[in-house]
Amino acid sequence: TTLPRSLGVKNDGSDWILVQQPVAAIKQLRSQLFSTKNIKVKNDFLLPVSSQTCEIELVFRPTANSTSGIRLAKGKDQYAEIGYDAGKGVLYIDRSKSGDTSFHHSFGKLSRYETSLEIRAGKINLRLFFDKSIVEIFANDGEVVMTTQIFPPEKNNAIALFSNGIDVIFESINFRALKSVW
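Rules and cut-offs
Just so you know, the residues in each chain are numbered from 1, in the order the chain's sequence is written. Per-residue local features are limited, in this predicted model, to residues with pLDDT of at least 70; the limit for side-chain atom pairs, both in listing and counting, is 80 or more; totals at the level of whole chains, interfaces and linings are taken over all residues. Hydrogens are left out, water is left out, and the side-chain values use all remaining heavy atoms of the structure. When accessible area is computed with a 1.4 Å probe and restricted to protein chains, residues below 20% of their type maximum are described as buried, those above 50% as exposed, and intermediate ones as partly exposed. Each helix corresponds to a stretch of at least 4 residues labelled H or I by DSSP, and each strand to a stretch of at least 2 residues labelled E; elements are numbered beginning at the N terminus. Paired strands, in this sense, are two strands between which DSSP finds at least two bridges. In this description, a line fitted to the C-alpha atoms serves as the axis of each element, helices being fitted only across the stretch in contact, and the angle between N-to-C directions of two axes falls anywhere from 0 to 180 degrees. Definition of nonpolar core: a set of buried residues of the types Ala, Val, Leu, Ile, Met, Phe, Trp, Tyr and Cys, connected through side-chain atoms within 4.5 Å. In what follows, a contact means two residues having at least one pair of non-hydrogen atoms within 4.5 Å. Working definition: a ring pair exists when centres of Phe, Tyr or Trp rings (six-membered ring for Trp) sit within 6.5 Å. Plane angles under 30 degrees give stacked, over 60 give edge-to-face, the rest tilted. Counting as a charge over the ring demands two things of the Lys NZ or Arg CZ atom: a distance within 6 Å of the ring centre and an angle within 35 degrees of the ring normal.

Enquirer: Looking at this structure, I do not really get the pairing of strand S13 (residues 158-163). What am I missing?
Expert: Both faces of the sheet carry side chains from a regular strand, because those side chains alternate between them. Of all six residues that make up S13, six are buried, and the element is covered over most of its length. Of the strand pairs in this sheet, strand S4 (residues 44-50) and S13 are connected by four bridges, and their pairing is antiparallel. Across the sheet, Leu46 pairs through a bridge with Ala160, a residue of S13. With five bridges joining them, strand S6 (residues 67-75) and S13 adopt antiparallel strand pairing. The partner of Ile70 across the bridge, within S13, is Leu161.

Enquirer: Could you clarify how one ought to interpret the pairing of strand S11 (residues 134-139) in this entry?
Expert: Counting buried residues in S11 gives six out of six residues, a clear majority hidden from the surface. In S11, alternate side chains face the same way, and those of Ile134, Glu136 and Phe138 on one face and Val135, Ile137 and Ala139 on the other are all buried. By the bridge criterion, six bridges tie strand S10 (residues 124-131) to S11 in an arrangement that is antiparallel. Across the sheet, residue Phe129 finds its bridge partner in S11, namely Glu136. In this structure, the hairpin formed by S10 and S11 is closed by a connection of two residues, where Lys132 is found at a positive phi of approximately 60 degrees. Hairpin connection between S11 and strand S12 (residues 144-149): a loop of four residues separates the two successive antiparallel strands, and Asn140 in this loop has a positive phi of roughly 45 degrees.

Enquirer: How do you make sense of the sheet that holds strand S8 (residues 90-94) when you look at a structure like this?
Expert: Sheet strands associate in pairs through backbone hydrogen bonding, adopting either a parallel or an antiparallel arrangement. Pairing is antiparallel across the open sheet formed by six strands, whose spatial order is S4-S13-S6-S7-S8-S9. Only two strands of the sheet have a single neighbouring strand rather than two, namely S4 and strand S9 (112-116). Averaged over all adjacent pairs, the angle separating strand axes in this sheet is 15 degrees, with direction ignored.

Enquirer: What should I look at first to understand the nonpolar core in this one?
Expert: Generally speaking, nonpolar side chains in soluble globular proteins are found buried as a group. With 34 residues, the main nonpolar core has Leu58, Ile82, Leu91 and Leu126 as its most contacted residues. Of the residues forming this core, the biggest block, five residues, is contributed by strand S14 (residues 168-178). Once you skip the residues sitting within four places of it in the chain, Leu126 turns out to touch Ile56, Glu57, Leu58, Phe60, Ile82, Leu91, Ile137, Phe138 and Ala139.

Enquirer: Please clarify how the environment of Phe130 should be interpreted in this entry.
Expert: Mapped onto the elements, Phe130 comes out in strand S10. Linking Phe130 and Thr148, residues 18 residues apart in sequence, is a C-alpha distance of 9.9 Å. In this structure, Phe130 is in contact with Ser51, Gln52, Thr53, Cys54, Leu72, Ala73, Val135, Ile150 and Pro152, ignoring residues within four places of it in sequence.

Enquirer: What am I meant to see in the environment of Lys37 here?
Expert: Along the chain, Lys37 falls in strand S3 (residues 30-41). Among the residues examined, Lys37 registers a relative accessible area of 57% and is labelled exposed. Here the alpha-carbon distance between Lys37 and Ile169, two residues 132 residues apart in the chain, equals 9.2 Å. What Lys37 contacts, discounting residues up to four positions off in sequence, is Phe170, Glu171 and Ser172.

Enquirer: For this particular structure, what's the right way to read the packing of aromatic side chains?
Expert: Each aromatic ring pair is specified by the distance between its two centres and by the angle formed by the two planes. Counted under the stated rule, the structure contains two aromatic pairs. Note on Phe60 and Phe170: the rings are 5.0 Å apart at their centroids and 25 degrees apart in plane angle, and the pair reads as stacked. Separated by 110 residues along the polypeptide, Phe60 in strand S5 (residues 53-61) and Phe170 in strand S14 bring together distant segments of the chain. The same class applies to Phe60 and to Phe170, which are both buried. Ring centres of Phe129 and Phe138 lie 6.0 Å apart, and the angle between their planes is 85 degrees; on these two criteria the pair is classed as edge-to-face. Across the pair, exposure class does not vary: Phe129 and Phe138 are buried alike. The ring centre of Phe162 lies 4.3 Å from the NZ or CZ of Arg71, which sits over that ring.

Structure, rendered in structure tokens:
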């Protein structure tokens with residue numbers, strides 16, 4: 001199950017690109033807002049919010065050879081990671097540490113997905129929706145959309161920014177708790 005989406009096209013200068021966005025009605029599910037700006041992250045930065053049903057908007061500036069992004073459903077040594085590898089130019093989801101993966105032999109093997117994504121004006125823009133077992137990512141205003149399923153323990157609800165030891169500036173973070181659609 002994915003969020004209902006609206007489709008459009010945008011011109012990136014040389015090509016027309018199909019873009020997807022969640023429908024505007026999703027805004028009716030929003031509740032509290034937490035917002036912050038200009039956080040420098042070198043390793044792990046725990047945000048002062050926690051939830052397994054939320055919408056998060058991130059704008060960050062990947063630096064050369066950095067791997068950076070966000071970890072959802074974070075608990076002791078467990079999380080689902082959405083990151084950008086600047087060296088490869090790819091956005092990825094890694095769910096290998098997200099919780100129980102033993103229920104099917106293929107689930108653990110298919111734990112990482114990636115797709116090409118260009119940095120636009122030095123930035124990566126992510127809009128994430130997390131609803132207990134479903135994570136959806138809309139990158140660079142819907143140029144790339146990724147969806148995955150995870151099965152974290154209920155107590156794993158911390159959220160953290162991360163980088164691989166290289167300073168990365170997260171220009172803006174907007175977190176909104178959501179009422180679950182389930």
